[in-house]
Amino acid sequence: MKKLLLILAIIILFFIEGNTPNTTDSSLTNEAEDSPSIFEKLEIGFHKLIENIDLPWLKEPIEFFGDEKNPPEEDDTQNSKDLMLDLPDQQSYSIYNIEIGDGKDEVEKLHGEAKRISLNEYGTDWHIYHDNYRDFFMVAYDENEKVAGIYTNHEILSSVNGITIGTTTREEIESMYGKGLDGILKNHIRYLFPEERDFEVYFENGNYITFFFDKFENNTLTAIQIISETLEERKQGYYGEASNDLMEGFELQLYDLTNATRVLHGLEPLSWDEHVRVTARKHSQDMAENNYFSHTSLDGKTPFDRMKEDDIFFLLAGENLAYGQFSSIFAHEGLMNSEGHRENILQPEYEFLGVGVAFNNKNQPFFTENFYAK
């Protein structure tokens, strides 16, 4: 800013001091033919000025944007935000030009290394890619480092049938595919999806494709998950196998999903808070162990009571709970279709978030999100 103001001052002073042309036509013609250009005048004046003023920051190089003799060099580095979406060539869908079956080296050549890697319900990892939570997507690789699962809730989906996130409706998808699967078979047991649901699952080209819909946005497509049949078969039951690693994986995944959604809606991402994560995890453990689901614990404590008891100072706070979904993705998409929970996720004033997960004896996860601002 200082340099900008200084350059403006140079321009004004340079033209005030002895540079007013004569008023005859011939003098005006000579002025145009013999005088340096405005940018050359600016550069001369600037260098004269720094000879007489001892300001270190002033002597740093300044690029004169009008100097055609020395134009600024172009940056050949590809910016991910400028990456064009291509139509998939092997599958029906690609996410940020990534398809099921692509190699990890291809993904990271396009998008760099994952920002986070954490265990998922399939016994492999979600590798999370984003640019400050823009262009957010998650990839699961198989043992051969090939893409076996992929998810996004950002508008980086490309398809051969014209389906896009944010515009295509549930009605349009059902007109193409018909009614989705009513459940999924695991070890000769069919696990039924809820009759009232905001998603549909289809099986196509050896993949399970889940379309998630936003009922607050006219049932438009809000996210997509694609899981290969091979990866799906690795999960023996409806739920993943409970472990401390999966607990932490679900917590971090739900945190990242929340921030990706906030950024998509023009909000700042929330900072992770380890202190309130402990509070959230204790409440999830209490619900899982004592078989209840409520913001008010069995001893009558509210979320605000629990946070105060753990010495968390807040001016504004809120809590989201989810139960019964087999992953953080399904939990998050469900929360976004619940008005009060959605308001917490999209609350502009919140600054911090901690997520706590616990499993009951049936491997069912309980999710608690604690938001606050101070």
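Residues numbered from 1 in each chain as written. Predicted model: local features only at pLDDT ≥ 70, side-chain atom pairs only at ≥ 80, totals over all residues. Heavy atoms only, no water.

## Points about the side chain of N259
Note the cut-off: Helix and strand assignments come from DSSP, with helices taken as H or I runs of at least 4 residues and strands as E runs of at least 2, each series counted from the N terminus. Under the scheme applied here, a residue whose accessible area is under 20% of the maximum for its type counts as buried, over 50% as exposed, and between as partly exposed, the area being computed with a 1.4 Å probe on protein chains only. Any pair of residues with heavy atoms lying within 4.5 Å of one another is described as a contacting pair.
For N259, the position within the fold is in helix α7 (residues 244-264). N259 sits in the buried class, given a relative accessible area of 0%. Non-local contacts of N259, meaning those with residues more than four positions away in its chain, are made with Y133, P269 and L270.

## Looking at the sheet that holds strand β15 (residues 365-373)
To keep things clear, this is the line we draw: The pairing criterion for strands is at least two bridges between them, as found by DSSP. Here the axes come from fitting lines to C-alpha atoms, over the contacting stretch only for helices, and the angles between their N-to-C directions go from 0 to 180 degrees.
Reading across the sheet, the four strands line up as β12-β14-β15-β13 and stay open at both edges, with mixed pairing between neighbours. Only two strands of the sheet have a single neighbouring strand rather than two, namely β12 (271-272) and β13 (316-323). Here α7 sits on the sheet in contact with β12, β14 (352-359) and β15, set at roughly 145 degrees to β14. The strands touched by helix α10 (residues 328-336) are β13 and β15; relative to β13, the strand with the most contacts, the crossing angle is about 120 degrees.

## Re the pattern of salt bridges
Using the following cut-off: Salt bridges are defined by distance alone: a side-chain nitrogen of Lys or Arg within 4 Å of a carboxyl oxygen of Asp or Glu.
Applying the stated criterion across every chain yields a total of 18 salt bridges. We note a salt bridge from R190 to D182, for which the minimum N-O separation is 3.7 Å. On the accessibility criterion, D182 (46% relative accessible area) is partly exposed. In this structure, K186 and E232 form a salt bridge, with 2.6 Å as the shortest nitrogen-oxygen distance.

## Let's talk about the nonpolar core
Defined as follows: To form a nonpolar core, buried Ala, Val, Leu, Ile, Met, Phe, Trp, Tyr and Cys residues must be joined to one another through side-chain atoms within 4.5 Å.
By size, the foremost hydrophobic cluster in this structure holds 46 residues, and its most contacted members are F136, M138, Y151, F212, I329, V357 and F367. If we ignore the near neighbours within four places in the chain, the residues touching I329 are W126, M138, Y151, F212, Q225 and L257. In terms of nonpolar packing, the next biggest core, distinct from the first, is built from 25 residues, I100, F137, I163 and L221 among them.

## Description of the side chain of H111
Mapped onto the elements, H111 comes out in helix α4 (residues 104-111). With near-sequence residues (within four places) excluded, H111 lies in contact with L83, Y96, I98, Y129 and F137.

## Focus: the confidence of the model for the protein
Rules: Across the chain, each position has a pLDDT score giving the predictor's confidence in that residue, from 0 to 100.
Looking at the protein, pLDDT values average 84 and 78% of them are 70 or higher. Within the model, pLDDT remains below 50 along residues 1-42, and this stretch shows 31 contacts once partners closer than five positions in the same chain are excluded.

## Quick word on the sheet that holds strand β10 (residues 207-214)
In spatial order, the strands read β2-β3-β4-β5-β11-β10-β9; together these seven strands make up an open sheet with antiparallel pairing. Each of the sheet's edge strands pairs with one partner strand only, and the pair in question is β2 (116-119) and β9 (199-204). When the angles between neighbouring strand axes are averaged without regard to direction, this sheet yields 20 degrees. One ladder, built from eight bridges, connects β10 with strand β11 (residues 220-228); its direction is antiparallel. Residue pairing for β11: F213 is matched across the bridge by L221.

## Details of the environment of Y323
The following threshold applies: Polar contacts, as counted here, are pairs of nitrogen or oxygen atoms within 3.5 Å of one another; within protein the pair requires one atom able to donate a hydrogen and one able to accept it, and residues that are adjacent in sequence qualify only if both atoms are side-chain atoms.
As for its placement among the helices and strands, Y323 is situated in strand β13. Spatially, the C-alpha atoms of Y323 and F367 are 6.3 Å apart, while their sequence positions differ by 44 residues. Not counting the four nearest positions on each side in its chain, Y323 is found in contact with F293, N360, Q364, P365 and F366. Polar contacts involving the side chain of Y323 include one to the side chain of Q364, which spans 3.3 Å.

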